[in-house]
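Tertiary structure, described
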Amino acid sequence: MAAKKNGGRVAYVNARLIDPASGIDAAGGLLTEAEVIADFGPGLFAGGAPQGAETVDCGGHVLCPGLVDIRVQLREPGEEHKGTLASAGRSAAAGGITTMVCLPNTDPVIDNVSVVEFVARRARKLGLAKVYPYGAVTKGLQGKELAEMGTLAEAGAVAFTDGVKAVSDALVMRRALSYASTFGLTIVQHPEEPRLADGGAMNSGETATRLGLAGIPGEAEVIIVERDLRLVEMTGGKLHFGHLSTAAAVEAVRRAKARQVNVACDTAPPYFALNETAVGDYRTFAKLSPPLRPEADRLAVVEGIKDGTIDAIASDHAPQDEEAKRLPFAQAAFGGIGLETLLAVSLGLYHNGHMPLIEVLRRLTCGPADLVGLSVGRLSKGGPADLILFDLERGWKVDADDLLSKSKNSPFDGCPVQGMVLRCVIDGRPVFEAGGSKVK
Amino acid sequence: MNAAVPDNVHFPHRHLLGIEGLSPDEITILLDRSEAFVEQNRRADKTKLVLHGRTIINLFFEASTRTRTSFELAGMRLGGDVINMPVTTSSIKKGETLIDTAMTLNAMHPDVLVVRHPYSGAVKLLSEKVNCAVINGGDGSHEHPTQALLDALTIRRRIGGLAGLRVAISGDIVHSRVARSNIHLLTTMGATVRLIAPRTLIPPAIEKLGVEVFDDMREGLRDCDIVMMLRLQTERMQGNFFPSISEYFHFFGLDYEKLSNAKPDALIMHPGPMNRGVEIDSEVADDIGRSVIREQVEMGVAVRMACLETLSRNLDDGDADGG
């Protein structure tokens, strides 16, 4: 690659440099040297490109840290027909994601050290987005016996979750929070009371009633949220709720944060960009878990992102093959892919005037990284050169068939979005460039 | 401090139900009296007939070998009549039965009842229904006062005193009566107590008892004079407190590497029975330079003799009023 010929130095000039962690949003430049950031800052290279370095003219577009996606289902090992580390890696690169944290709901489950090491080794070999696994809270995700969280953390698991299953037994959750707190580890809960959600296919309410579908009430979410907030106050552990979707849950977390409870949460683009009407005429790509909610909930999620109640936005990437989605709605699988639409859909929060750009990016970079204790998602001299360059304004229409993900089940299929990744750089190497020239 | 305790020092309690509430002086009386018995127990003639004519009943509602034998020997060496009454757990599930048993035994005019019971508070309940002295031989997860006393005696004889020592207690604190009695005794006597365990095995608000809690064993052991290891009481565990024995041992098992954080001459104690390879590495447990585990057992008999004798002194000579 060109980088090698120039002593591995690449100068990004003429950029709008944004780094939410340090608050930079200014015209500037950045220099990478081999795998790391050698220099960056407002005004850097204002006088022209440096000698002896490959030069990338950013054309005034946004250059910022690569996105950190803390909720991804990889399907490898176990369900490679739906997705693999490689397909997710390519898809992530196209979406500007340089770090992924994957759920442990693979087969085998990430509840032992060998699977943690398998995922890490495979991801390293691919050289695409960095992959960090969540470990299982309970053995086999069965919700009964604690997994070896201490040992898994030593092997590299960044936090613990039972993935798309809630830890529903209150005593198990209490013990999990308490045990994890011994090691300073975070428990990530899928906040859904399973008995209330059982059999439901979409949000409970008028639309479900008209469609004749069994509903999942919003209360299923807030009941677990409220319960676990009490448990974390009792145990002194660290708690994180994945993909919040309801106004009640956001409000519960807001109140808990106000009383200094050690809690954080994320949401995913469908919950602030879509509502239950997307289910339309039984569109199974819009069958998500948690389900898409009414408009009032969507607005509350937007509000939660704005005021910082919601700390991070994650893709909630959940590949399903055609066989799992081309079914009657009630029988179809839950989940949607999201790696390639994460940035563009999130930028809607800026384009629609809800938030400054740097705040949107904060919830996609250092915000989520901090929650799982990773130092990525920020620019730092000597730090890894994980960067993206994107055109803030360019519009495009999501076409599921054009996405690089192996599975095509995007809830945003057909949606117009604004904001396009031009280049994605991992450890100084470009792994994606817009316009068809996909490196790697 | 050796046996030079004047015999007229008064121990102002009828029963020994726990360490909590005892003053430093009262604890010292019991420890000082124990010293004399240590010497006596090492002689060929181990008897001193101060309890001649007294009846001691060992009432054990829970399986025990070590503590029961220790009390039995203690009573016999003092010349008392000792009866062991093991009670099967099935017959004590109802509170009614406990009190009935107490009333029945009371009618036989025992002088001292040594009681072990799987439920916290049961020994106190029983003590309220009898006229004799009651020694708590361990009640549920509450107290095991003679264990704490024998631990203190072991430490005192090795190091010379308790005040100012830094003691780490590691293991299944939440279920442990030994831990609670030791916390009360050691903090009362001016030692600093640290607890080391996964948070699931640390009871809530334990800091209120004047101890410090450590999640990291190496940090917790740093510069400690004494390391007390406790057994995982799986029989008392309702559900899952930790993922596996191997993870437990990895983070909380005492091995030489972790022990190297304690003082170089730190003593290792264990109330027994030990689970080698779970809470303690075999090599460490058997290290004659560090481990005082067998000495603890020896001190146990002396301490129990002292307790039996001390409480007997407070008994009326004839059958009198009730408690």
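What follows is about the overall build of chain B. Counting its regular elements, chain B contains 11 helices and 9 strands. On C-alpha atoms alone, chain B measures out to a radius of gyration of 19 Å, which is about the 20 Å that the 2.2 N^0.38 rule sets for 323 residues. For chain B, the C-alpha atoms occupy an extent of roughly 60 × 45 × 35 Å along the three principal directions. Taking all 323 residues of chain B together, the buried fraction comes to 57%. For chain B, restricting intrachain contacts to residue pairs at least 6 apart in sequence, the fraction spanning at least 24 positions comes to 76%. Accessible area of chain B: about 12900 Å², with a carbon and sulfur share of 52%.

Attention now goes to a negative patch on the surface. All names here are of chain A. Together, Asp-399, Asp-401, Asp-402 and Asp-413 make up a region of like negative charge exposed at the surface. For Asp-399, the location among the structural elements is in the loop between β16 (387-397) and β17 (416-426). The exposure class assigned to Asp-399 is partly exposed, which follows from its relative accessible area of 32%.

Before going further, it helps to examine the nonpolar core. Grouped together as the largest cluster of nonpolar side chains are 192 residues, with contacts concentrated most on Met-100 and Met-149 of chain A together with Leu-149, Ile-169, Leu-185 and Leu-254 of chain B. Judged by nonpolar contacts, the second largest core, of 17 residues, contains Val-10, Leu-17, Ile-37 and Cys-58 of chain A.

Next up on the list: the side chain of His-240 of chain A. All names here are of chain A. With respect to the helices and strands, His-240 occurs in strand β13 (residues 238-241). Residue His-240 is classed as buried on the basis of its relative accessible area, which comes to 4%. Within the local environment of His-240, its side chain forms a polar contact with the side chain of Asp-266, the two groups lying 2.7 Å apart.

Tracing the chain through its elements places Ile-169 of chain B in strand β5 (residues 166-170). Along the backbone, Ile-169 of chain B and Met-229 of chain B are 60 residues apart, and their C-alpha atoms lie at a distance of 6.0 Å.

This part is about the confidence of the model for chain B. All names here are of chain B. Per-residue pLDDT for chain B averages 91, and the proportion of residues at 70 or more is 93%. Here residues 319-323 is a poorly scored stretch, pLDDT under 50, and it has 7 contacts once near neighbours within four places are set aside; other chains count. The ipTM assigned to the predicted complex is 0.84, against a pTM of 0.90.

Once that is clear, we can look at the packing of aromatic side chains. In this structure the tally under the stated criterion is 5 aromatic pairs over all chains. Judged by centre distance (6.5 Å) and plane angle (55 degrees), the ring pair of Phe-183 of chain A and Phe-252 of chain B falls under tilted. Of this pair, Phe-183 of chain A sits in the loop between α5 (170-182) and β10 (186-189) while Phe-252 of chain B sits in helix α8 (residues 245-252), each in a different chain. Accessibility expressed as a relative area gives 22% for Phe-183 of chain A, which makes it partly exposed. Members of the aromatic cluster, joined through ring pairs, are Tyr-179 and Phe-183 of chain A together with Phe-242, Tyr-248, Phe-251 and Phe-252 of chain B. Across the ring face of Phe-241 of chain B, the terminal group of Arg-175 of chain A is positioned such that the distance to the ring centre comes to 3.5 Å.

Residue and element names in this part refer to chain B. Within β5, 4 of the 5 residues are buried, leaving the element largely enclosed by the surrounding structure. Pairing of β5 with strand β6 (residues 192-196) involves 5 bridges; the strand directions are parallel. Bridging across to β6, Ala-168 finds its partner in Arg-194. Remark: the β5/helix α6 (residues 177-188)/β6 crossover connection has right-handed handedness.

Here the focus is the domain arrangement of chain A. Residue and element names in this part refer to chain A. Looking at chain A, the domain boundaries give domain 1 (9-64 + 384-433) and domain 2 (66-369). Taking only C-alpha atoms, the centre of domain 1 and the centre of domain 2 are 26 Å apart. On the side of domain 2, 50 residues touch domain 1, which itself brings 41 residues to the contact. Between domain 1 and domain 2 the total buried area reaches about 3500 Å² when both faces are included, carbon and sulfur atoms providing 68% of it. Counting the surface domain 1 buries against domain 2, the share from its top three residues, Asn-409, Pro-411 and Phe-412, is 21%. Applying the counting criterion to the domain 1 and domain 2 interface returns 2 salt bridges. Linking domain 1 to domain 2 there are 16 residue pairs in polar contact (both at pLDDT 80 or more). Those elements giving two or more residues to the side of domain 1 that touches domain 2 turn out to be β1 (9-19), β2 (24-33), β5 (62-65), β16, β17 and β18 (429-433). Counting residues per element, the side of domain 1 that touches domain 2 draws most heavily on β17, which supplies 7 residues. Among the residues forming the side of domain 1 that touches domain 2, the class breakdown is 24 nonpolar, 7 polar and 10 charged.

Quick notes on the rules
Residues numbered from 1 in each chain as written. Chains lettered and ligands numbered in written order. Predicted model: local features only at pLDDT ≥ 70, side-chain atom pairs only at ≥ 80, totals over all residues. Heavy atoms only, no water. Helix = DSSP H or I, 4+ residues; strand = E, 2+ residues; numbered from the N terminus. Rg over C-alpha atoms; globule rule 2.2 N^0.38 Å. Buried < 20%, exposed > 50% of the residue type's maximum accessible area, 1.4 Å probe, protein only. Contact = heavy atoms within 4.5 Å. Areas by Shrake-Rupley, 256 points an atom, 1.4 Å probe, with all protein chains shown as cover. Patch = residues over 30% accessible without salt bridge, like charges linked within 9 Å, V, L, I, M, F, W, Y side chains within 5 Å. Salt bridge = Lys/Arg side-chain N within 4 Å of Asp/Glu carboxyl O. Lys, Arg positive; Asp, Glu negative; His and termini not counted. Charge placed at Lys NZ, Arg CZ, Asp CG, Glu CD. Core = buried A, V, L, I, M, F, W, Y, C linked by side-chain atoms within 4.5 Å. Polar contact = N/O pair within 3.5 Å; in protein donor to acceptor, adjacent residues only side chain to side chain. pLDDT = per-residue confidence, 0-100. Phe/Tyr/Trp six-rings, centres within 6.5 Å; stacked < 30°, edge-to-face > 60°. Lys NZ or Arg CZ within 6 Å of the ring centre and 35° of its normal. Pairing = 2+ DSSP bridges. Right-handed = clockwise from strand over helix to strand, strands pointing away. Domains from an automatic or database assignment. Buried area = accessible area lost by both parts, 1.4 Å probe. Nonpolar A, V, L, I, M, F, W, Y, C, P; charged D, E, K, R; others polar.

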